[in-house]
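# Analysis of the macromolecular model
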2 protein chains.
Amino acid sequence: MRLTQFSDFALRILMYAAMREGRLITIEETAALYDISRAHLMKVTNQLTRHGFLRSVRGRSGGLMLARAPAQIGLGDVIRATEPDFAMVECSSPDGRCLLTPRCRLKGIVGEALAAFLAVFDRHSLADLILRPEDFGLAPAA
Amino acid sequence: MRLTQFSDFALRILMYAAMREGRLITIEETAALYDISRAHLMKVTNQLTRHGFLRSVRGRSGGLMLARAPAQIGLGDVIRATEPDFAMVECSSPDGRCLLTPRCRLKGIVGEALAAFLAVFDRHSLADLILRPEDFGLAPAA
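Reading the values: rules and limits
Residues numbered from 1 in each chain as written. Chains lettered and ligands numbered in written order. Predicted model: local features only at pLDDT ≥ 70, side-chain atom pairs only at ≥ 80, totals over all residues. Helix = DSSP H or I, 4+ residues; strand = E, 2+ residues; numbered from the N terminus. Expected span 1.5 Å × (residues − 1). Buried ≥ 20, exposed ≤ 12 C-beta atoms within 10 Å, placed from the backbone. Arc of directions from axis to C-beta. Contact = placed C-beta atoms within 7 Å. Nonpolar A, V, L, I, M, F, W, Y, C, P; charged D, E, K, R; others polar. Least-squares fit on C-alpha atoms with pLDDT ≥ 70 in both. Core = buried A, V, L, I, M, F, W, Y, C linked by C-beta atoms within 7 Å. pLDDT = per-residue confidence, 0-100.

### Observations regarding helix 3 (residues 38–50) of chain A
All names here are of chain A.
- In this model helix 3 runs 18 Å from its N-terminal to its C-terminal C-alpha over 13 residues, within 8% of the 18 Å that 1.5 Å per residue would give.
- For helix 3, every residue scored as buried is listed here: L41, V44, T45 and L48. What you see down the axis of helix 3 is that its buried residues fit within an arc of 95°, all on one side. Facing away from the buried surface of helix 3 by more than 90 degrees, the exposed residues are A39, N46 and R50.
- Buried-residue contacts for helix 3 involve helix 1 (5–19), helix 2 (27–34), strand 1 (54–57) and strand 2 (63–66).
- Once helix 3 finishes, G52 follows within two positions and takes phi at roughly 75°, a positive value.

Below is the structure:
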């Protein structure tokens, strides 16, 4: 069982933006920081912008910043916005074709487990993940 | 986020064996029932046998049966035996190379969420998933 790399990157991009709060971050510096391809990173930032976690500032000295305070960015909401699905078992999908689906109790147990998983993320916000510049290998804040 | 198809099949094979308790099931009938390839099914049953959930009876009229009573087969134990890993994020893996790992609190939150997920499965056993022959599209038990 894994979260997608997409969600992993999303959380790390938000952590970097949170550390830089009040300043714009760029795709280039974030890609270099995490050693992620620029193209992949842009897909993630686009999704984060679309869901109102990041705000894009256009122009020559443009970049990205958090669209809300870190405490207003729930980690459960981020994951729900970045995971393509939570179709844990065949019967979770609308096109699932397991013959047991109508009577099976597994779907309910899986749903309960998934809710417990997300509830933990819902108890945390980006504010719980704030690090210092040194943790990113950068010079300490002045 | 998904469980592997391997775990999904494992649970369904055990459900079928539980319904047939006291009789041997065969790879052939189980593959046909769920419309799964015989080769893939054998990988799953081998893993379930290796972990003591199924018992293999050799010979011409051989087959597979539950190695323990359904109530003694915890669903959390099954998933732990069938999922290749629970490396939810980069830093979950021993070879993860995220530069934030030493100070990051995300790993702890992910670990807590995963524990909550597995705890739900641990509260249930195969006995909670027993169905009737009709639910498998088979003739009712005499």
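We are not done yet, so read on.
### Examining the interface of chain A and chain B
- With 36 residues of chain A in contact, the opposing surface of chain B contributes 36 residues.
- Counting residues per element, the ones that place at least two in the side of chain A that touches chain B are helix 1 and helix 5 (106–122) of chain A.
- Counting residues per element, the side of chain A that touches chain B draws most heavily on helix 5 of chain A, which supplies nine residues.
- Along the lines of polarity and charge, the residues of the side of chain A that touches chain B split into 24 nonpolar, two polar and 10 charged.

### A word on the relation of the copies chain A and chain B
- Superposition record for chain A on chain B: RMSD 0.0 Å, screw rotation 180°, translation along axis 0.0 Å. Taken together, the rotation and translation relating the two chain copies correspond to the operation of a two-fold axis.
- Here 100% of the contact residues of chain A are again contact residues in chain B; the copies associate through an equivalent surface.

### Quick word on the nonpolar core
- With 71 residues, the main nonpolar core has A:L14 and B:L14 as its most contacted residues.
- Those residues within four positions of A:L14 in sequence are excluded, and the remaining contacts are A:L48, A:F53, A:I73, A:V78 and A:L126.

### A few points about the confidence of the model for chain A
- On average, residues of chain A score 90 in pLDDT, and 99% of them reach the 70 mark or higher.
- Confidence metrics for the complex model read pTM 0.87 and ipTM 0.87.

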